[in-house]
Amino acid sequence: MDKVIGIDLGTTNSCLAIFEGGVAQVIPNPEGSRTTPSMVAFTPDGQRLVGSIAKRQAVANPTSTVFATKRMIGRKLKSSEVQRMQMTAPYKIAAADNGDACVVVHGRRYTPQEIGAFVLRQLRESAQEYLDQSVKDAVITVPAYFDDAQRQATRDAGRLAGLNVLRIINEPTAAALAYGIGADAAGTIAVYDLGGGTFDISILEYSQGVFQVKATHGDTFLGGEDIDVRLMDVLIEGFLAETGIDLHSDPVALQRLKDAAERAKVELSTVEETEISLPFLTADASGPRHLRRRLTRDELESICQDLIEATLAHCQDAMQAAGLQPQQITDVLLVGGMTKMPMVQREVARLFQRQPNRSVNPDEAVAVGAAIQGGILAGDVGQVLLLDVVPLSLGLETSGGLMTKLIPRNATVPCSLTEIFTTSEDYQPLVNLHILQGERPLAADNTSLARFELVGIPPALRGVPKIEVTFNIDANGILSVTARDLGTRREQQVRVRATSGLTESAIERMLAEAEQYQDSDRINVELADMRRRIQGLIYTTERSLAESANYLTETELSQIRADLENARRSIDSADLYRIQQVLKELEKSAFRITEVMYKDFA
Ligand code: ADP
Ligand code: MG
């Protein structure tokens, strides 16, 4: 089998690794760096720049340098996360045709998938150069909190980059894999991952190379960039007080401030005090203005105290979900560039009552784990079973607009769950399945993943048909739902494609239909409805008659056949009363068949 590359497609930085010669190793980019900024820039002369070269020119080209788009992937423009991003991003964010967030550069819209694909393509090229062979297969990681739409969008980014994405795995799980391979002891680990844009905490049990995720929690909008923004605000306020100049409306100054803030933050991980110096930051009537300020580690810590505390609260929630006390955790793993900050290490140690393990490089662990998973898929690594969990509950809309959960949050994947549902109306010929993801009790408050219909249900009183619904989640965390009528064995399946645009157009169509009926003549509507029901009933009765003929008596059979014949003759009648009578007769005889069919499942 071909080589499988492992990619950590990060909010801030991406990393590439491969399993080769029995070990996973990071592949440096052409500039020799082991991580590549997840940045894409478009120059005025139409060039596209990716990675560090894009980051280097960001100051001079702020509105056309795109970064942190992972926070938008698979999300709507209207979502609060994107709205929040819009307030600080120097580039333009707009809506794609389906309402998803996208960026606009030089008048052209780019989806976050396309931006991700530019980064992935660059990594793929690095791998090809390094291996001196073409590379197609990849394992890509995503934050544990990504929902189906976000996972699907990440997979699409891979496809756009010409990659065959074999697996999407959770970042903390990948990190644990990097840590655990070859380890023969058993234990429980907490993976604390604080990167540039996301925070994840996962609790995993492992034994002889077998990992099982017990709980994951986190925040897709909490990371190092939030600290950078805080620090920027402090610098802007100070500058305003000193000079009376508000830098908020100066994109070039903002980008320089952002760079300086991040640099100061990184420096303060190793030194106690640093100086921020931005000469010629702006100018006013009195001439050029410079920003110069000393910053201590203590100051930085007080600026971001509550952000770090928020991560600790998530850790506590995760421990509670896993039913564990801190002392039951045998190891704490630090992942993500932000965990190099001494305050993070100190606070994590205090919460978990032990020193965190730092034998895994926090910048590379996720990519290394992805490469190991690639090695497993390519057959180069044996014996490692990787289990993941469902980040959000999955279920169906049931009567009254409620959500009935089938797979609870934190269930281990791959997994499958079956439940029996029934109809809510007499002679209901079809059931509508509305698949939802989320934690809220009302269906409308959760994310709609897909809708589909199971048709051809034989006529029966409400509650009689038995519809077996199976939710199956594969190793990628991708859901397929199957509904089967136990009476007819008729089956319908969807593989959930969480492009929410599709779902919305389905809703629009249904709304349009509803309006159309309102305008039509009432009698005609009713007649059409009766005819449709009779037609459906003739159809299903014929089918079920063929299947159950052996179980019916001769008298029953001839009565049913006579009713069918009568129904066929009367279907075009414009006499509402007559049609109603025909329908009633046919329902009665159909009901006899149904009783026979379902008696085995009573
Ligand atoms: P992501 O997974 O979101 O791509 P990374 O794991 O690469 O992010 O982490 C990037 C974040 O880590 C950035 O906010 C960066 O400023 C921060 N970072 C990197 N090195 C250090 C350091 N030595 N001290 C503090 N923060 C750091
Ligand atoms: Mg990361």
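Keep in mind the model is a prediction, meaning the values are calculated, not measured.

Asker: Looking at this model, I keep getting lost on the domain arrangement of the chain. Mind explaining?
Answerer: Interface size is commonly expressed as the accessible surface area that is lost when the partners come together. Here the chain is partitioned into domain 1 (4-222 + 307-387), domain 2 (224-305), domain 3 (394-505) and domain 4 (518-601). Here domain 1 and domain 4 have C-alpha centroids that lie 57 Å from each other.

Asker: I would appreciate a short explanation of the side chain of Thr 594 in the present structure.
Answerer: Note that Thr 594 resides in helix H14 (residues 576-598). Here Ala 590 takes part through its backbone oxygen, which lies 2.9 Å from a polar atom of the side chain of Thr 594. With near-sequence residues (within four places) excluded, Thr 594 lies in contact with Pro 458, Pro 459 and Ala 460.

Asker: What should I look at first to understand the site of ligand 1 in this one?
Answerer: Close contacts around ligand 1 come from 16 residues, with Asn 13, Gly 196, Glu 262, Lys 265 and Ser 269 the closest. In this structure, an oxygen atom belonging to ligand 1 sits 2.7 Å away from a side-chain N or O atom of Lys 265. Protein chains bury 89% of the 580 Å² of accessible surface belonging to ligand 1 in isolation. In terms of residues, the shell around ligand 1 owes the most to one element, helix H7 (residues 251-267), which gives three residues. Considering only residue class, the shell around ligand 1 consists of two nonpolar, 11 polar and three charged. Composition of the shell around ligand 1 by domain shows at least three residues from each of domain 1 (4-222 + 307-387) and domain 2 (224-305).

Asker: I'm lost on the sheet that holds strand E20 (residues 394-398) in this one. Help?
Answerer: Each strand in a sheet pairs with its neighbour through backbone hydrogen bonds, running either in the same direction (parallel) or in the opposite one (antiparallel). Spatial strand order, E21-E20-E24-E25: four strands in an open sheet with antiparallel pairing. The open sheet is flanked by strand E21 (402-407) and strand E25 (447-454), the only strands paired with a single partner. Ignoring which end each strand starts from, the neighbouring axes of this sheet average 30° apart. Bridging between strand E24 (residues 431-437) and E25 involves seven bridges; their strand directions are antiparallel. The residue bridging Val 431 from the neighbouring strand is Leu 454, located in E25.

Asker: Mind showing me how you'd approach the pairing of strand E28 (residues 491-495) here?
Answerer: Looking down a regular strand, the side chains alternate between one sheet face and the other. Pairing of strand E27 (residues 479-485) with E28, which is carried by five bridges, proceeds in the antiparallel orientation. Counted as the bridge partner of Ala 483 is Gln 492 from E28.

Asker: Looking at this structure, I do not really get the packing of aromatic side chains. What am I missing?
Answerer: Each aromatic ring pair is described using two quantities: the centre-to-centre distance and the angle formed by the ring planes. In total, this model carries five aromatic pairs according to the counting rule given. A cation over a ring is seen here: Arg 71 above Phe 221, with NZ or CZ 4.0 Å from the ring centre.

Asker: Explanation requested: H7 in the structure shown.
Answerer: For an α-helix the count is 3.6 residues per turn, leaving residues at separations of three or four pointing the same way. Here H7 is 17 residues long and its end C-alpha atoms lie 24 Å apart, about the 24 Å a rise of 1.5 Å per residue gives. Within the sequence span of H7, burial applies to Ala 253, Leu 254, Gln 255, Leu 257, Lys 258, Ala 260, Ala 261, Ala 264 and Lys 265. Contacts from the buried residues of H7 go to strand E7 (65-67), helix H6 (224-243), strand E16 (273-284), strand E17 (287-296) and helix H8 (297-322).

Asker: How should I be thinking about the environment of Leu 194 in this particular structure?
Answerer: Note that Leu 194 resides in strand E13 (residues 187-194). The spatial distance from the C-alpha of Leu 194 to the C-alpha of Val 213 is 18 Å, given a sequence separation of 19 residues. Excluding its chain neighbours within four sequence positions, the residues that come into contact with Leu 194 are Phe 199, Leu 222, Gly 223, Ile 308, Thr 311, Val 335, Gly 336, Gly 337, Met 338, Thr 339 and Val 344.

Asker: Just to check I follow, could you spell out the pattern of salt bridges for this structure?
Answerer: If the charged atoms of two oppositely charged side chains come close together, the side chains can form a pair. Under the defined criterion, the tally for this structure stands at 27 salt bridges. Sharing partners across several salt bridges, the network here consists of Glu 273, Glu 275, Arg 292 and Arg 294.

Asker: I tried to follow the nonpolar core on my own but got confused; where do I start?
Answerer: A general trend in soluble globular proteins is that nonpolar side chains are found buried together. Counting residues in hydrophobic clusters, the biggest one holds 48 residues, and the most contacted among them are Ile 5, Ile 7, Tyr 91 and Ile 93. The leading source of residues in this core is helix H3 (residues 112-131), at eight residues. Excluding residues within four positions of it along the chain, Ile 5 makes contact with Leu 16, Ala 17, Ile 18, Ala 127, Val 135, Asp 137, Ala 138, Val 139 and Leu 163. Counting 47 residues, the second largest nonpolar core, distinct from the first, contains Ile 201, Ile 227, Ile 245 and Leu 312.

Asker: Help me understand the state of the cysteines in this model?
Answerer: Covalent bonding between the sulfur atoms of two cysteines is what defines a disulfide. The final tally for this structure, using the stated rule, is zero disulfides. There is no disulfide at Cys 315, and the cysteine sulfur nearest it, in Cys 304, is 15 Å away.

Asker: Just to check I follow, could you spell out the sheet that holds E7 for this structure?
Answerer: Pairing is antiparallel across the open sheet formed by three strands, whose spatial order is E6-E5-E7. Strands with a single pairing partner mark the edges of an open sheet, and in this sheet they are strand E6 (48-50) and E7. Here the strands of the sheet are splayed against their neighbours by 20° on average, with no regard to which way each runs. Here strand E5 (residues 39-42) pairs with E7 via three bridges, running antiparallel. Each residue of the ladder has a partner; that of Met 39, found in E7, is Phe 67. H3 rests against E5, E6 and E7 of the sheet, and its axis sits at about 105° to E5.

Cut-offs and rules
- Residues numbered from 1 in each chain as written.
- Chains lettered and ligands numbered in written order.
- Predicted model: local features only at pLDDT ≥ 70, side-chain atom pairs only at ≥ 80, totals over all residues.
- Heavy atoms only, no water.
- Domains from an automatic or database assignment.
- Helix = DSSP H or I, 4+ residues; strand = E, 2+ residues; numbered from the N terminus.
- Polar contact = N/O pair within 3.5 Å; in protein donor to acceptor, adjacent residues only side chain to side chain.
- Contact = heavy atoms within 4.5 Å.
- Near = heavy atom within 4 Å.
- Areas by Shrake-Rupley, 256 points an atom, 1.4 Å probe, with all protein chains shown as cover.
- Nonpolar A, V, L, I, M, F, W, Y, C, P; charged D, E, K, R; others polar.
- Pairing = 2+ DSSP bridges.
- Axes fitted to C-alpha atoms, helices over the stretch in contact; angles between N-to-C directions.
- Phe/Tyr/Trp six-rings, centres within 6.5 Å; stacked < 30°, edge-to-face > 60°.
- Lys NZ or Arg CZ within 6 Å of the ring centre and 35° of its normal.
- Expected span 1.5 Å × (residues − 1).
- Buried < 20%, exposed > 50% of the residue type's maximum accessible area, 1.4 Å probe, protein only.
- Salt bridge = Lys/Arg side-chain N within 4 Å of Asp/Glu carboxyl O.
- Core = buried A, V, L, I, M, F, W, Y, C linked by side-chain atoms within 4.5 Å.
- Disulfide = S-S within 2.5 Å.

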